[in-house]
Amino acid sequence: MPTEPELSAQYQVSRNTAREAFRVLARQGLVTTKRGVTGGVFVSRPTPSRLAANLPTPIRLLTEDSGDSTRSLAEVRDPIEIHGVGLAARRRTAEELEHIREALIDPDAEDLTDPYASEYRFHTGVLAAAHNPVLEVGLEPVLRILGERLPGRHLPAQFARRIDREHRAILRHLVAGNEAGARVAMHAHLAVLHWHYEYGGSAETPMPRQAHPGSERKYFRANG
C-alpha cells in the first residue's frame, strides 16, 4: 500500500489520520505491517476467521434489545448448517474429518466445565469442510454470541450424552459421504440445540425425540 505521506497527500488528510486508518485496518486483519528495507503495509489475504471476528459486535447490537434474540440467532443456523453439512459430505478431506473427530468428547469421562468449546469446534470444523468461506463467516459470530447467551454453562448429563451421540452420527455420515443423511442428522441435532436455547435444559420440557432413521424422505419432501 502507499506510505503514510503518500496517503496524506492523496486524500488531503494529516499523517496522523492516515496512521490511524492503518491501525484500524490492522485491527480488522485487513493489512499487516512489515518492518525493514522491504517492509511496508501490505493487504492481507482475507480469511473467514479474520472477517468473522469483526461481526459479533454489530450482530450483538442488533439483537440485544430483542426479546427473542437467542431464538433469532438460533434460527440462522438452520439454513447455514443444514446446507453446509451436505456440502461437507461431498467435499471433506481426510484431514478435515480428523479435525472434526478431535472435537468429539466423552461426556462421561471428561471435565465439561466448558462444553460449548467442543460444540464450537465441532460445528466450525464441519463448516470448514464445506469449502464455502461465506458460510463460515455467517456461522462463526452467531456461535460466539449464542455461547455468551446460553442459559448456564453446565449441561445435564442426559443432554451432554445426546449431543455427543448426534455429533458422532453427523460424523459417520460425513465419513460415508452421505449428503442426505448428514443433512437430516444436522437438522435433528439443531432441533435439540434450539430446545436447549429456549428452555435451558429444563426437565419440565422434554427434549425433541430422536430422528427416525427413515425420516430423510419426509424431511426433503417438506424442504425441497
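Conventions adopted
- Per chain, residues are indexed from 1 in the order of the written sequence.
- Thresholds applied to this predicted model are a pLDDT of at least 70 for local features of residues and 80 or more for the giving and counting of side-chain atom pairs; totals over whole chains, interfaces and linings are not thresholded and use all residues.
- With hydrogens and water excluded, all non-hydrogen atoms of the structure serve as input to the side-chain values.
- The predictor attaches a confidence to each residue, and that confidence, scored 0 to 100, is pLDDT.
- Strands here mean DSSP runs of E at least two residues long; helices mean DSSP runs of H or I at least four residues long; both are numbered from the N terminus.
- Throughout, a contact is declared for two residues whenever any of their heavy atoms are within 4.5 Å.
- Each residue's exposure class comes from its accessible area (1.4 Å probe, protein chains only) as a fraction of the maximum for that residue type: buried when under 20%, exposed when over 50%, partly exposed otherwise.
- By definition, two strands form a pair when at least two bridges between them are found by DSSP.
- Only one rule defines a salt bridge in this text: a Lys or Arg side-chain nitrogen within 4 Å of an Asp or Glu carboxyl oxygen.
- Side-chain atoms within 4.5 Å link the members of a nonpolar core, which is a set of buried Ala, Val, Leu, Ile, Met, Phe, Trp, Tyr and Cys residues.
- A 3.5 Å cut-off defines polar contacts: any pair of N or O atoms within that distance qualifies, except that in protein one atom must be a possible hydrogen donor and the other a possible acceptor, and neighbouring residues in sequence count only when both atoms are side-chain atoms.

1. Considerations on the confidence of the model for the protein chain
Inference 1: Of all residues in the protein chain, 72% attain a pLDDT of 70 or more, and the chain-wide mean is 79.
Inference 2: Across the protein chain, the secondary-structure element scoring lowest on mean pLDDT is helix H11 (residues 216–223), at 48, and the one scoring highest is helix H6 (residues 94–102), at 96.
Inference 3: Every residue in residues 211–217 scores below 50 in pLDDT, and together they form five contacts with partners more than four places removed in sequence or on other chains.

2. Comments concerning unusual backbone geometry
Inference 1: Its identity as a non-glycine residue notwithstanding, Gln 12 has a phi of 55 degrees, on the positive side.
Inference 2: With respect to the helices, strands and loops of the structure, Gln 12 is situated in the loop between helix H1 (4–11) and helix H2 (15–27).
Inference 3: In the Ramachandran plot, His 131 falls in the positive-phi region, its phi being about 55 degrees despite a non-glycine side chain.
Inference 4: Following the sequence through the fold, His 131 ends up in the loop between helix H7 (115–129) and helix H8 (133–149).
Inference 5: Accessibility expressed as a relative area gives 42% for His 131, which makes it partly exposed.

3. Here we look at the pairing of strand E2 (residues 40–43)
Inference 1: Pairing between strand E1 (residues 31–34) and E2: four bridges, direction antiparallel. Its bridge partner lying in E2, Thr 33 is registered against Val 41.
Inference 2: Taking the residues between adjacent antiparallel strands as the criterion, E1 and E2 are bridged by five residues, where Gly 36 takes a positive phi near 110 degrees.

4. Considerations on the pattern of salt bridges
Inference 1: All told, the structure shown has nine salt bridges when counted by the stated rule.
Inference 2: Among the ionic pairs, Arg 15 bridges to Glu 4, the shortest N-O distance being 3.7 Å. Of the two residues, Arg 15 sits in helix H2 while Glu 4 sits in helix H1, which places them eleven residues apart along the sequence.
Inference 3: On the basis of relative accessible area, Arg 15 is assigned to the partly exposed category, the value being 45%.
Inference 4: Residues Glu 20 and Arg 23 are paired through a salt bridge, measuring 3.5 Å at the closest nitrogen-oxygen approach. One end of the pair is Glu 20 and the other is Arg 23, both in helix H2 and three residues apart, which spans about a single turn.

5. So, the nonpolar core
Inference 1: Within the largest apolar cluster, 36 residues are counted, with the highest numbers of intra-cluster contacts made by Val 85, Ile 100, Phe 122, Val 126, Ile 170, Leu 174 and Met 186.
Inference 2: Secondary structure elements with two or more residues in this core: helix H5 (69–91), H6, H7, H8, helix H9 (157–176) and helix H10 (179–199).
Inference 3: Setting aside residues no more than four positions away along its own chain, Phe 122 makes contact with Ile 100, Ala 103, Leu 104, His 167 and Ile 170.
Inference 4: Listed in part, the five residues of the second largest apolar core include Ala 18, Phe 22, Val 31 and Val 41.

6. Re the side chain of His 189
Inference 1: Note on placement: His 189 falls in helix H10.
Inference 2: Residue class for His 189 comes out buried when judged on its relative accessible area of 0%.
Inference 3: Within the structure, His 189 has its side chain in polar contact with the side chain of Glu 166 (distance 2.7 Å).
Inference 4: A distance of 3.2 Å separates a polar atom in the side chain of His 189 from a polar atom in the side chain of His 167.
Inference 5: Ignoring sequence-local partners within four residues, the contact set of His 189 consists of Glu 119, His 123, Ile 163, Glu 166, His 167 and Ile 170.

7. Details of the side chain of His 167
Inference 1: Looking at where His 167 falls in the secondary structure, it is placed in helix H9.
Inference 2: On the accessibility criterion, His 167 (5% relative accessible area) is buried.
Inference 3: Not counting residues within four places of it along the chain, the set of residues in contact with His 167 comprises Leu 104, Glu 119, Phe 122, His 123 and His 189.

8. Points about the environment of His 123
Inference 1: By secondary structure assignment, the location of His 123 is in helix H7.
Inference 2: In sequence terms His 123 and His 167 are 44 residues apart; their C-alpha atoms lie 9.1 Å from each other.
Inference 3: Residues within four places of His 123 in sequence aside, it is in contact with Arg 77, Glu 81, Leu 139, Leu 143, His 167, Met 186, His 189 and Leu 193.
Inference 4: A polar side-chain atom of His 123 sits 2.6 Å from a polar atom in the side chain of Glu 81.
Inference 5: A polar contact of 3.1 Å, which involves the side chain of His 123, links it to the side chain of His 189.

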